[in-house]
Amino acid sequence: MSGRTLYRKLWDTHVVRDYGDGSALLYVDRHLLQETSTHQSFVGLREAGRVARRTETHLAVPDHGVPTTDRSAPIADGLAAAQVEALKVNARDFGIAHIDLDDARQGIVHVIGPERGFTLPGITLACGDSHTSTHGAFGALAFGIGASDCATVVATQCLVQQRAKTLEVRLEGRPGQWVGAKDYALALIGRHGTGFATGHAIEYRGRAVDAMTMAARMTLCNMSIEAGARVGMIAPDETTFAWLEGRPHAPRGKMWEHALDYWRTLPSDGDASYDRTIELDVEGLAPQVTWGTSPQDALSIEGRVPHPDDAPDRGEAERRRRALDYMGLAAGMALQDIVIDRAFIGSCTNGRIEDLRAAADVAQGRRVSSRVRAIVVPGSTGVKRQAEAEGLDRIFLDAGFEWRHSGCSMCVAMNADRLEAGERCASTSNRNFEGRQGRGGRTHLMSPAMAAAAAIAGHLVDVREMAS
Amino acid sequence: MTPFCRLRSHALPFLEDRVDTDVIFPARFLLLMQRGDMGRYFFHDRRIDPDGGAIDGNPFDDPRHAGAQIMLAGADFGSGSSREQAVWALTGFGIRCVIAESFGEIFAANCLRNGVLAIVQPRAVVERLAILESPLEIDLEAQTIGADGESIPFDIAPSHRERLLKGWDDIDLIMEHEGARIAVFEAQQRQVQPWLYGADA
Ligand code: SF4
């Protein structure tokens, strides 16, 4: 028998029943819940008189619509307040652990899952949120689901799933300074298109991956969904284990040793084969930014806004024309000439302490352009406190950035943090879709260092030049 | 769930590529918790301008497409966010079948969970269907799209087809048939990965 991939091992060890047509009933070990995608799940469960099968496998936390300014007063937005309250009531009624807004453990689901050690290698993890792929950084089979599936997980601890094909993404070479996981993700999607991994589970491998921190691995796996894949994963290694050891939900003592033995069996076998392989050499890669309304509109910062007529087909040319119109940009202009009004540093893609350190490195001793309003939103309350302990908040405040409480914030614009129509933002989030950061808002995706640099310059800029 | 078997309807063509779920159902409406009236927000920002006026020329409010139960779409339809509200808005608007060049994966799964048939067809076929005057006829049993006398076959996983035809609900199915298997699985997994069963898991 030929060897198995990481994905196949995790799939095989979670099949409750194989239906024989590529689909199976898959066991779900862990489930994260947030407030906007689960209320209807509980409505359905209540109607049918169902209970949670294993209460201890779930963890609920509000993040999407929560305010990032004042947390001492009740939430001003009635709808958001109702949703946050509903999550609490639903969790209580079904016996599920719940982290409240004023709790030191609060944060974006995909930041706190790993932070708590709730995310572990070798598990299946589901969440009513597409960026659940983030948790694959730990060698977990983690994927986003809809509200109906959230209810199914609560009631049965299982889901009917289709086995994906496997896609090996090899990242080789050594990156230059200020270039990292966000640039890799954007470069991959920019070159291969948002649909390149549809139907596949991605496994990221290669020397550049081995060298990455856990934060960087999470950033990379996070954006697998922008490549069309529901799952993105990286085999667990010593970096993973060192990061997890001692976390609140991680196994301890003898159990930790036992778990390590098991986790070390998970990496893909030497003779395992993948359905497809693509490679990216990160040597010499420039920082990446997007110009349009799809993550695939990513280019090197040294580039120019493309001409729609250069698109490979008619449909794509049409889409690009629409994107240019929405973004208020002219084909052919230099990306560095794009002037911004706002900057957002945060989200489950780039709201971890390493991301804030990178942005602070750029911000230190500089000033945000007078025409830009810039906010820093830590991915969790834990990240916020850590940053404050390191003095990063002072660096940001002194440079003219606003320092906020944690949440999804301007990544999804469900709270007060949003762009006005026509406003343009340098953003560390993952989606530049029309209206994503507020109706009529214009989003340019980039890394935390690049967003900080743009905030200071007042336009998109190559951080390598600013920081040298 | 309502079983899906045959459907005869005019189609609503909207062939833009990479229409994500933020466009289908803008995030700010995710704060609404009632599922009932989500059809109103289907493609909201393409239909209603910021001042509340109707946007001219949008296909969703074009009287020629009124009552359409079939939608024609481009590549990567429903990519992006996993929000099931996008499918609830779609069904609330009256659509029961989408024919597209390709789909976002989670969106396609959500369609299945809500009795919506998602059919993949090559771009050329979708474009051809978009200019037909006569209604389309979807036959799930036979796996065909009837279009102006022509019969176009489509693929669907057998288990998906059966689920749609019978209108099955996942939880019912799993609870009824798989309870014993799940218990056996848990007992075995507890041996191999006991840390997943700790008191403070
Ligand atoms: S930060 Fe953005 S992408 Fe991440 S979970 Fe929140 S809304 Fe989704």
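1. As for the site of the ligand
Now for step 1: The environment of the ligand is made up of His 64, Ile 108, His 110, Asp 129, His 131, Ser 347, Cys 348, Cys 408, Cys 411, Val 412, Asn 430 and Arg 436 of chain A.
Now for step 2: The class makeup of the residues in the shell around the ligand is 5 nonpolar, 5 polar and 2 charged.

2. Some thoughts on the sheet that holds strand 8 (residues 158-162) of chain A
Residue and element names in this part refer to chain A.
Now for step 1: The 3 strands are arranged 1-2-8 in an open sheet whose pairing can be described as antiparallel. A single partner strand is all that each edge strand has here, and the edge strands are strand 1 (15-18) and strand 8. Strand-to-strand, the axes of this sheet are offset by a mean angle of 25 degrees, without reference to chain direction.
Now for step 2: Pairing of strand 1 with strand 2 (residues 23-27), which is carried by 3 bridges, proceeds in the antiparallel orientation. What sits directly across from Asp 18, in strand 2, is Ala 24.

3. Some details on unusual backbone geometry
Now for step 1: Of note, the phi angle at Trp 178 of chain A is positive, near 70 degrees, even though the residue is not glycine.
Now for step 2: Structurally, the position occupied by Trp 178 of chain A is in the loop between strand 9 (165-172) and helix 6 (181-192).
Now for step 3: With a phi close to 55 degrees, Arg 18 of chain B is a non-glycine residue in the positive phi region.
Now for step 4: As for its position among the elements, Arg 18 of chain B is in the loop between strand 2 (11-14) and helix 1 (21-24).

4. A short note on the domain arrangement of chain B
Now for step 1: For chain B, the assigned domains read domain 1 (6-161) and domain 2 (169-201).
Now for step 2: A straight line from the C-alpha centre of domain 1 of chain B to that of domain 2 of chain B covers 36 Å.

5. A closer look at the interface of chain B and chain A
Now for step 1: If you look at the interface, chain B gives 61 residues, while chain A gives 78 residues.
Now for step 2: Looking at the side of chain B facing chain A, the largest losses of area belong to Leu 31, Met 33 and Trp 195 of chain B, adding up to 14% of the total buried there.
Now for step 3: Here chain B is connected to chain A by 8 salt bridges.
Now for step 4: The salt bridge partner of Glu 178 of chain B is Arg 17 of chain A, with a shortest N-O separation of 3.1 Å.
Now for step 5: Put simply, chain B and chain A have 30 residue pairs in polar contact (both at pLDDT 80 or more) between them.
Now for step 6: Sorting the residues of the side of chain B that touches chain A by element identifies helix 1, helix 2 (44-47), helix 3 (85-93), helix 4 (105-113), helix 6 (158-166), helix 7 (170-177) and helix 8 (179-192) of chain B as the ones contributing at least two each.
Now for step 7: At 7 residues, the largest contribution of residues to the side of chain B that touches chain A is made by helix 8 of chain B.

6. Quick word on the pattern of salt bridges
All names here are of chain A.
Now for step 1: Tallying each qualifying case throughout the model produces 58 salt bridges over all chains.
Now for step 2: With a closest N to O distance of 2.9 Å, Glu 168 and Arg 170 form a salt bridge.
Now for step 3: Classification of Glu 168 as buried rests on a relative accessible area of 7%.
Now for step 4: The exposure class of Arg 170 is partly exposed, given its relative accessible area of 23%.
Now for step 5: Put simply, Glu 390 and Arg 357 hold a salt bridge, and the shortest N to O gap is 2.7 Å. In this pair, Glu 390 sits in the loop between helix 14 (381-389) and helix 15 (392-399) while Arg 357 sits in helix 13 (residues 353-363), placing the two residues 33 residues apart along the sequence.
Now for step 6: Judged by relative accessible area, which is 33%, Glu 390 ranks as partly exposed.
Now for step 7: On the basis of relative accessible area, Arg 357 is assigned to the partly exposed category, the value being 33%.
Now for step 8: Each of Glu 168, Arg 170, Glu 172, Glu 203, Arg 205 and Arg 207 takes part in salt bridges that share partners, so that together they form one network.

About the thresholds
Residues numbered from 1 in each chain as written. Chains lettered and ligands numbered in written order. Predicted model: local features only at pLDDT ≥ 70, side-chain atom pairs only at ≥ 80, totals over all residues. Heavy atoms only, no water. Near = heavy atom within 4 Å. Nonpolar A, V, L, I, M, F, W, Y, C, P; charged D, E, K, R; others polar. Pairing = 2+ DSSP bridges. Helix = DSSP H or I, 4+ residues; strand = E, 2+ residues; numbered from the N terminus. Axes fitted to C-alpha atoms, helices over the stretch in contact; angles between N-to-C directions. Domains from an automatic or database assignment. Contact = heavy atoms within 4.5 Å. Buried area = accessible area lost by both parts, 1.4 Å probe. Salt bridge = Lys/Arg side-chain N within 4 Å of Asp/Glu carboxyl O. Polar contact = N/O pair within 3.5 Å; in protein donor to acceptor, adjacent residues only side chain to side chain. Buried < 20%, exposed > 50% of the residue type's maximum accessible area, 1.4 Å probe, protein only.

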